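Fold and contact review
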Amino acid sequence: MRVLDPVSFILRKKGSDIWSVPSDATVYSVMQMMADKDVGALLVIDQGQLVGLVSERDYARKVILLGRGSKDTPVSEIMVASPITIRPECSVDEAMRLITTNRIRHLPVVCDGKILGMISIGDLVNWMAFAQDQTIEHLEHYIEGKYPC
């Protein structure tokens, strides 16, 4: 496992469940679904097409701070339209660069118009930490002479 691994490896490990809502869903129902699924963001899909992404951050900044009502605000008014997406062969390193450069926390993984899943900054950090642990273990085995020939 390395930072050059494709993000498809992360999806294989974590699963590719896709939690989504339509753009006309209320913000309240979106927040309820996030709580039920224990996730921080949902894809917004209309007629099978990715049209946006909505996160807890969007809720905090575009509903709570503006004094709007959750039950009468449609998600289309607070979502990030046309979110940045990545392909499954995108490297973990490149995905991390996209997340940090664009100051985002979630990346939908899309191939030929089909949504394969979503990865978060937490998924990437966990993968990188695991990859570093593997590298350290291999180096320790090499130093101790236990490295396979």
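Here is what the cut-offs are and how they apply
- Residues numbered from 1 in each chain as written.
- Predicted model: local features only at pLDDT ≥ 70, side-chain atom pairs only at ≥ 80, totals over all residues.
- Heavy atoms only, no water.
- Helix = DSSP H or I, 4+ residues; strand = E, 2+ residues; numbered from the N terminus.
- Buried < 20%, exposed > 50% of the residue type's maximum accessible area, 1.4 Å probe, protein only.
- Contact = heavy atoms within 4.5 Å.
- Areas by Shrake-Rupley, 256 points an atom, 1.4 Å probe, with all protein chains shown as cover.
- Lys, Arg positive; Asp, Glu negative; His and termini not counted.
- Charge placed at Lys NZ, Arg CZ, Asp CG, Glu CD.
- Axes fitted to C-alpha atoms, helices over the stretch in contact; angles between N-to-C directions.
- Parallel < 35°, antiparallel > 145°, perpendicular 65-115°, else oblique.
- Nonpolar A, V, L, I, M, F, W, Y, C, P; charged D, E, K, R; others polar.

**Some thoughts on the overall build of the protein**
Of the regular secondary structure elements, the protein holds five helices and six strands. When the helices and strands of the protein are read in sequence order from the N terminus, they spell out α-β-α-β-β-α-β-α-β-β-α. C-alpha extents for the protein along the principal axes are approximately 65 × 35 × 30 Å. For the protein, the residues scored as buried account for 36% of the 149 residues in total. Looking at the protein alone, contacts between residues at least 24 apart form 59% of all its contacts between residues at least 6 apart. Of the accessible surface of the protein, which amounts to about 9,100 Å², a share of 52% is contributed by carbon and sulfur atoms. For the protein, the distance from the average site of its 16 positive side-chain charges to the average site of its 19 negative ones is 3 Å.

**Quick look at the packing of helix H1 (residues 7-14) against helix H5 (residues 121-143)**
The contact between H1 and H5 brings their axes to 11 Å, and the two run at 100°. Taken together, the axis directions place H1 and H5 in an arrangement best described as roughly perpendicular. Residue-level contacts link Val7, Phe9, Ile10, Lys13 and Lys14 of H1 to Asp123, Leu124 and Trp127 of H5. Across the contact of H1 with H5, the residue classes break down as five nonpolar, no polar and three charged.

**Here's the deal with the environment of Cys111**
Within the secondary structure, Cys111 is located in strand S5 (residues 106-111). Once the C-alpha coordinates of Cys111 and Val27 are considered, the two residues, 84 residues apart in sequence, prove to be 28 Å apart. Other than its neighbours up to four places away in sequence, Cys111 contacts Arg87, Pro88 and Leu116.

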